[in-house]
Amino acid sequence: MHLPTILIIDDERDVLEFLSYNLKKEGFLVFTATNGKHGLQKAIDIKADLIILDVMMPGIEGMEVCEKIRKIPCVQDSLIVFLTARSEDYSQVAGFEAGADDYIAKPVNPKILIRRINALLKRRQVELDHEKAMKRSDPQNIIIDDEKYEVHYSGKSYILPRKEFKLLSLLMSEPEKVFTRDEIYREIWGDTIVGDRTIDVHIRKLRERFGSHHIVTVKGVGYKFLD
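The rules behind the values
- Residues numbered from 1 in each chain as written.
- Predicted model: local features only at pLDDT ≥ 70, side-chain atom pairs only at ≥ 80, totals over all residues.
- Heavy atoms only, no water.
- Helix = DSSP H or I, 4+ residues; strand = E, 2+ residues; numbered from the N terminus.
- Rg over C-alpha atoms; globule rule 2.2 N^0.38 Å.
- Buried < 20%, exposed > 50% of the residue type's maximum accessible area, 1.4 Å probe, protein only.
- Phe/Tyr/Trp six-rings, centres within 6.5 Å; stacked < 30°, edge-to-face > 60°.

Caption draft 1: Structural view of the overall build of the protein chain. Across its full length, the protein chain holds eight helices and 12 strands. Since a compact globule built from 227 residues should have a radius of gyration of about 17 Å, the 19 Å found for the protein chain is in line with a globular shape. Expressed along its principal axes, the backbone C-alpha trace of the protein chain runs to roughly 55 × 35 × 30 Å. Counting every position in the protein chain, which comprises 227 residues, the buried fraction comes to 43%.

Caption draft 2: Main features of the packing of aromatic side chains. Counting across every chain of the model gives five aromatic pairs. Summarising the aromatic geometry, the rings of Y158 and F210 are spaced 5.2 Å apart at their centres and angled 80 degrees between planes, so their arrangement reads as edge-to-face. Taken together, the positions of Y158 in strand β9 (residues 156–158) and F210 in helix α8 (residues 198–210) put the pair 52 residues apart, joining distant regions of the chain. Following the ring pairs from residue to residue traces out a cluster consisting of Y153, Y158 and F210.

Caption draft 3: Just unusual backbone geometry, in detail. P107 follows K106 through a cis peptide bond whose omega is -5 degrees. Inspection of the secondary structure puts P107 in the loop between β5 (102–106) and α5 (110–132). Of note, K47 is a non-glycine position whose phi angle comes to about 50 degrees, a positive value.

This is how it looks when you write it as structure tokens:
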């Protein structure tokens, strides 16, 4: 049985001890690092399922560590949860743009932390199961390879940003079905709060790559994919 592996990167040793104790009690396999540089290397070494990452650290700050992780193939799909002190001037939007999946404010409530972690891991497993079952193509030469996270179109290969890939995959999962904006937010962003135009920006980028005839706007409702 696979034990979920969690890496905690924080320069405060009491935080590391507190979180490690509570997570180990729940059956997680826990590793720690006290700075961004060592944390980045350990993330590569252990390929954690989830990384708890402090935002403010000496040397390499959490935001930079997150951005680096998202560019390394062997760990880019690890879930990342930011820890933030309430007094920090920290933009949630910037964190999510850097590649974070969630954030939790310090001081940490262990019950809330564990609940959020379990929710993220469950959602990721559903995504992985769905992706493995989906290797699809359409008559117009759009081919999605869910295992390699690639899209092939008109003889070219594209590696899309994660949210764009998931959005295209969702729309193609049921061609001609109209996905409402609420459905798309729920399936792609979950409980993450994003701007009202976020979907529009992602749709525009997909149309620029694959043509506007595949992704149709249903005014006042949402979007659908056409072969």
